[in-house]
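Chain by chain, the residues:
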Amino acid sequence: MRKLGFVFVLLVLATAAVADDGSTPIPFTDPYATPQVISGPGSYVVTRNLNPTGPGPIVVVECPAFPNPPADAVYIDLNGFTLANLPNFGDPVIRIVGTGTCEVIIRNGDLIGGSHGVLSDPIRKLVLEDVEIKESNQQGLLASDIESFAIRRSTFIGTAGAAIEISGGIHKSGVITDNVIRRTGEGIRIEFAQAIEISRNRLNEINGSTGGYGIQLDINSSCLLEKNLIENVFGPLGNGIELRQSSCKLYNNVVRRVSGEGIFVDGGTENCFLLDNVVSEATRNGILVEGKRCHFERNTTNSNGLIGFHVLLGATEHTVGRNSSISNNTSGGAPPCGPLFPDYCDLNGGGFNFSYTDNLFSGVLF
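Here is what the cut-offs are and how they apply
- Residues numbered from 1 in each chain as written.
- Predicted model: local features only at pLDDT ≥ 70, side-chain atom pairs only at ≥ 80, totals over all residues.
- Heavy atoms only, no water.
- Helix = DSSP H or I, 4+ residues; strand = E, 2+ residues; numbered from the N terminus.
- Buried < 20%, exposed > 50% of the residue type's maximum accessible area, 1.4 Å probe, protein only.
- Contact = heavy atoms within 4.5 Å.
- Pairing = 2+ DSSP bridges.
- Phe/Tyr/Trp six-rings, centres within 6.5 Å; stacked < 30°, edge-to-face > 60°.
- Polar contact = N/O pair within 3.5 Å; in protein donor to acceptor, adjacent residues only side chain to side chain.
- Core = buried A, V, L, I, M, F, W, Y, C linked by side-chain atoms within 4.5 Å.
- Disulfide = S-S within 2.5 Å.
- Patch = residues over 30% accessible without salt bridge, like charges linked within 9 Å, V, L, I, M, F, W, Y side chains within 5 Å.
- Areas by Shrake-Rupley, 256 points an atom, 1.4 Å probe, with all protein chains shown as cover.
- Salt bridge = Lys/Arg side-chain N within 4 Å of Asp/Glu carboxyl O.

Considering the overall build of the protein
A tally of helices and strands in the protein yields one helix and 36 strands. A total of 366 residues make up the protein; the buried ones form 52% of that total. For the protein, the share of sequence-separated contacts (at least 6 apart) that also reach a separation of at least 24 residues comes to 54%.

Focus: the pairing of strand 12 (residues 148-152)
When strand 10 (residues 125-134) meets strand 12, the two strands line up parallel, connected through five bridges. Within strand 12, the position partnered with Val127 by the bridge is Ala150.

Re the packing of aromatic side chains
For any pair of aromatic rings, the description consists of the separation of the ring centres together with the inter-plane angle of the planes. Within the structure shown, the criterion is met by five aromatic pairs. Ring geometry for Phe309 and Tyr344: centres 6.0 Å apart, planes at 10 degrees, overall stacked. Of this pair, Phe309 sits in strand 30 (residues 309-311) while Tyr344 sits in strand 33 (residues 344-346), placing them 35 residues apart in sequence. An identical accessibility class is assigned to Phe309 and Tyr344; each is buried.

Here we look at the side chain of Asn220
Within the secondary structure, Asn220 sits in strand 19 (residues 215-226). Classification of Asn220 by relative accessible area gives buried; the value is 2%. A polar contact of 3.0 Å, which involves the side chain of Asn220, links it to the backbone oxygen of Ile190. Not counting the four nearest positions on each side in its chain, Asn220 is found in contact with Ile190, Glu191, Phe192, Ala193, Ile196, Arg244, Gln245, Ser246 and Ser247.

Some remarks on the nonpolar core
Of all hydrophobic cores here, the largest spans 74 residues; its most connected members are Val61, Leu83 and Ile164. Not counting chain neighbours up to four residues away, the residues in contact with Val61 comprise Ile38, Phe66, Val74, Ile76, Arg95, Ile96, Val97, Cys102 and Val104.

Let's talk about the state of the cysteines
Across all of its chains, the model carries two disulfides by this definition. Each disulfide pairs two cysteine sulfurs, and for Cys63 the partner residue is Cys102, the sulfurs being separated by 2.2 Å. As the torsion about the S-S bond is roughly -55 degrees, the Cys63-Cys102 disulfide counts as left-handed. Of this pair, Cys63 sits in the loop between strand 4 (59-62) and strand 5 (74-77) while Cys102 sits in the loop between strand 7 (94-97) and strand 8 (103-113); the two residues are 39 residues apart in sequence, bridging distant segments of the chain. When sorted by exposure, Cys63 lands in the same class as Cys102, which is buried. At a sulfur-sulfur separation of 1.7 Å, the disulfide partner of Cys223 is Cys248. Taking the sign of the S-S torsion, about -60 degrees here, the bridge from Cys223 to Cys248 comes out left-handed. Taken together, the residues span a long stretch of sequence, with Cys223 in strand 19 and Cys248 in strand 22 (residues 247-251) at a distance of 25 residues.

Some points on the environment of Glu242
Note that Glu242 resides in strand 21 (residues 241-244). Glu242 gets classed as buried once you look at its relative accessible area, which sits at 0%. When the C-alpha positions of Glu242 and Tyr213 are compared, they lie 7.7 Å apart, and in sequence the two are 29 residues distant. Within the local environment of Glu242, its side chain forms a polar contact with the side chain of Arg244, the two groups lying 2.6 Å apart.

Overview of a nonpolar patch on the surface
Among the surface-exposed residues, Leu229, Val254 and Val278 lie close enough to one another that they form a single nonpolar patch of about 190 Å² accessible area. Within the secondary structure, Leu229 is located in strand 20 (residues 229-234). For Leu229, a relative accessible area of 38% translates into the label partly exposed.

Here we look at the pattern of salt bridges
A full pass over the atoms with the stated rule returns 23 salt bridges. Measuring nitrogen to oxygen at the nearest pair gives 3.0 Å for the salt bridge that ties Arg153 to Asp130. Of the two residues, Arg153 sits in the loop between strand 12 and strand 13 (155-157) while Asp130 sits in strand 10, which places them 23 residues apart along the sequence. A salt bridge links Glu231 to Arg256; the shortest N-O distance between them is 2.1 Å. Taken together, the positions of Glu231 in strand 20 and Arg256 in strand 23 (residues 254-258) put the pair 25 residues apart, joining distant regions of the chain. The exposure class of Arg256 is partly exposed, given its relative accessible area of 26%. Three or more residues joined by partner-sharing salt bridges are found here, namely Arg107, Glu129, Asp130, Arg152 and Arg153.

A closer look at the environment of Gly286
Structurally, Gly286 is set in the loop between strand 26 (278-280) and strand 27 (287-289). In sequence terms Gly286 and Val255 are 31 residues apart; their C-alpha atoms lie 9.0 Å from each other. Aside from chain neighbours lying at most four places away, what touches Gly286 is Glu261, Gly262, Ile263, Val279, Thr301, Asn304, Ile307 and Gly308.

Concerning the side chain of Thr159
Turning to its location among the elements, Thr159 is positioned in the loop between strand 13 and strand 14 (162-167). For Thr159, a relative accessible area of 2% gives the class buried. Contact partners of Thr159, with chain neighbours within four places excluded, come to Glu135, Ser136, Gln138, Gly140, Arg183, Thr184 and Gly185.

Pasting the structure below:
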């Protein structure tokens, strides 16, 4: 009897602690019904696993109902529980509705199924930390025109579209760090961003029916891609890392076994620095260079299907130093290019690009 009384006291104290910390429990309707609608800032905590009771998301954050400016952000603590919207693949698990100064922070739990794990309209800030998103019918996280974002220590598995897509035409900034992405249609896509960092992410088994890229940056400036590991990227596009109309530093990334280019620097990309990257077993080129005024140093491009380091006609004012490229081949049909074929190719004939003459291509210094 004493032991039972002790357990009862502990349960009462635990219940009081949840109430006393100021968080609003989810679900907060009786009887429970979805969607659970959050219409004001504050702290919310999930208290059990949640499934839908009908069509629609499980949780909706209604930003237009917030004060302007908000007194505080919305903090959603998933508390280690699972929100599963498996029957409703046309609706996200968590939907953030509206525009303005709304700020949403989501932490510590699982989001399964639905069209998206999180689908967000334009807001001021979105933070996702320690969350697992699985089996989304489209993107895992899709956010349009959010001003700032942080996506950290999260896992994305089995999403049909990109694991993470930040889209829209307003300038945005943020970080995507220490995430695991596996068996998704695409990896990470960021559009129209300034001051963005994508670091220490692990991407594997990316296989999209329409794209299949690992990391794609479209119209980004002042961006850093550092220490990302990308392997097994397949699809109609199949590039490991794409820079499109961007200005970035790529440092110490590893790209292996992709169906397109290992790293692609497009014609609108300028003033980039690629340092200490390793690319191997790409079906096409290790590094394919368009654009202008980039510097390539200490990159390794070995055992790729076409040319290891390939500079296209019109790609000018690049500088190269201490790069190495060995055992590539052109069995896929690339034309011979220069005396160092097949490991190096500059279709400008070297007249408009500059070398420190310390690169080791095919066993020959260049």
